[in-house]
Amino acid sequence: MTFKIAPVLTVHGGAWDIPDDLVEPHRQGVTNALAAGYALLEKGASAVDAVQAAVAVMEDDEAFDAGRGSFLTSDGRVQLDALLMDGATLRAGGVACVERLRNPIHAARLVMDLSPHVYFVGAGAEAFAAEHGMSLIDNSELVIDRERRHLADAQLKQRNGVAGPTPAAASSPTQLAAMHAATSHDTVGAVALDGHGNLAAATSTGGTLNKSPGRVGDSSLIGCGCYADNLSAAVSLTGWGEPIMKLVLGKWAVDRVQQGTPPAQAAGEAIAYLFHRLGGHGGIILLGPMGRIGVAHNTPRMAWGTHTTRGMEVYVR
Ligand code: ASP
């Protein structure tokens, strides 16, 4: 197939202190996501189709904090958030606090394609998805034993006053920042440039461990954990959601690209801004309209990879 522009797909599977024994599952998950999304781009599919497919693969993979295997809320449930955005038209679809969908990114796509609205939450989002053919599952199907143990651990630490990843346990912003730096951030995301020169972005998450029911983070909020505009760039973030939201960091980063900063530099500046302004931690993937990528994180490791016409590169470092 001949393209007007060479397609690019970049994905991430979280940024945190990924332990050695989890490096391989992260590498494999990122590889699978890139393979699925890039196969579509090679056939001439849109950037939107590619990011949706890549994210769905990682939602299905229990290694990540998205779909089944996500972190649990303080009352032991999975609540998922996802956003998809089309850089060609600025159409977007988002869902948050959904408990009965295996792949919230597919619901986000339905919202984008079929609704006059942009964002649905909770039962309304589930009803919308069901009306358009998605099956509703029991929340327990999304909960796995590993996460029951993580939650029990976090709550034990909270009760014992040991710094855990729960904001309620922090007594100062510095302590809160330290807690979150030590916490896993396994949100997934993808940015793509298709052969027609269009950008898209998608992000999906189970949020943070032991979050209060109803809490929504940055991942599914437009301009925070996800954004795409052909006139600037496509971006997906992971990390401690509250500071990312306050800085509207995704939009901040793509605006810099629009103003002429190369994506690699803008990605680094975004993470530096996150840290210096609010003590935040996380990682970013950023893709410009000419196919240049930027990746940065201030966590010990980030799982990410990129696929171009020259092949695939995957990193957990
Ligand atoms: N940013 C996500 C949130 O705060 C968490 C993550 O990236 O792991 O919901």
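Conventions used here
By convention here, each chain's residues receive numbers from 1 onward along its written sequence. With pLDDT at 70 or above as the cut-off, local features in this predicted model cover only qualifying residues; side-chain atom pairs require 80 or more to be listed or tallied, and sums for whole chains, interfaces and linings still use all residues. Each side-chain value is derived from all of the structure's non-hydrogen atoms; neither hydrogens nor water enter the calculation. In this description a helix means any DSSP run of H or I spanning at least four residues, a strand means any run of E spanning at least two, and both kinds are numbered starting from the N terminus. Radius of gyration means the value over C-alpha atoms here, while the globule rule gives 2.2 Å times the residue count to the 0.38 power. Between buried and exposed lies partly exposed: a residue is buried under 20% and exposed over 50% of the maximum accessible area for its type, with that area taken using a 1.4 Å probe on protein chains only. Only heavy atoms matter for contacts: two residues are in contact if any of them lie within 4.5 Å across the pair. Throughout, the Shrake-Rupley method with a 1.4 Å probe supplies accessible areas, and for residues the shown protein chains are the sole cover considered. In this count, Lys and Arg are taken as positive residues and Asp and Glu as negative ones, while His and the chain termini are left out. Charge coordinates come from a single atom per side chain, which is NZ of Lys, CZ of Arg, CG of Asp or CD of Glu. Proximity is defined per residue: if any heavy atom of the residue lies within 4 Å of a molecule or strand, that residue is considered near it. Whenever two N or O atoms come within 3.5 Å, that pair is a polar contact, provided that in protein one can donate a hydrogen and the other can accept it, and provided that, for residues adjacent in sequence, both atoms are side-chain atoms. In this classification, the charged set is Asp, Glu, Lys and Arg, the nonpolar set is Ala, Val, Leu, Ile, Met, Phe, Trp, Tyr, Cys and Pro, and all remaining amino acids, among them Gly, are polar. Here an angle of 0 to 180 degrees is reported between the N-to-C directions of two axes, which are lines fitted to C-alpha atoms, with helices fitted over the stretch in contact. Each crossing is labelled by how the near helix is turned from the far one, with a counterclockwise turn of less than a right angle marking it left-handed and a clockwise turn marking it right-handed.

**Q** Can you walk me through the overall build of the protein in this structure?
**A** Within the protein, the secondary structure is distributed over nine helices and 12 strands. For the protein, whose C-alpha radius of gyration is 18 Å, the value lies close to the compact-globule estimate of 20 Å for 317 residues. Along the first, second and third principal axes, the C-alpha atoms of the protein reach 60 × 45 × 35 Å. When burial is assessed residue by residue, the protein has 56% of its 317 residues classed as buried. Long-range contacts, defined as pairs at least 24 residues apart, comprise 68% of the intrachain contacts of the protein with a sequence gap of at least 6. Carbon together with sulfur atoms contributes 53% to the accessible area of the protein, which is approximately 12,100 Å² in total. Averaging the positions of the 24 positive and the 31 negative side-chain charges in the protein gives two centres separated by 3 Å.

**Q** Is there a simple way to think about the site of the ligand in this case?
**A** Close to the ligand lie H185, D186, T187, G207, T208, R215, G217, D218, S219, T238, G239 and G241, which account for all nearby residues. Take D218: an N or O atom from its side chain is 2.6 Å from a nitrogen atom of the ligand. A distance of 2.6 Å is found between a nitrogen atom of the ligand and a backbone nitrogen or oxygen belonging to G239. Its free accessible area being 270 Å², the ligand has 100% of it covered by the protein chains. Classifying every residue of the shell around the ligand gives no nonpolar, nine polar and three charged.

**Q** So what exactly am I meant to see when it comes to the packing of helix α8 (residues 249–258) against helix α9 (residues 263–278) here?
**A** Packed helices, taken two at a time, are described by their axes: the angle between them and the distance between them. Contact geometry of α8 with α9 gives a least axis separation of 9 Å together with a crossing angle of 145°. The interaxial crossing formed by α8 with α9 has right-handed handedness. Where α8 approaches α9, its residues L249, W252, A253, R256 and V257 are matched on the opposing element by P263, A266, E269, A270, Y273 and L274. Of the residues in the contact of α8 with α9, the class split is nine nonpolar, no polar and two charged.

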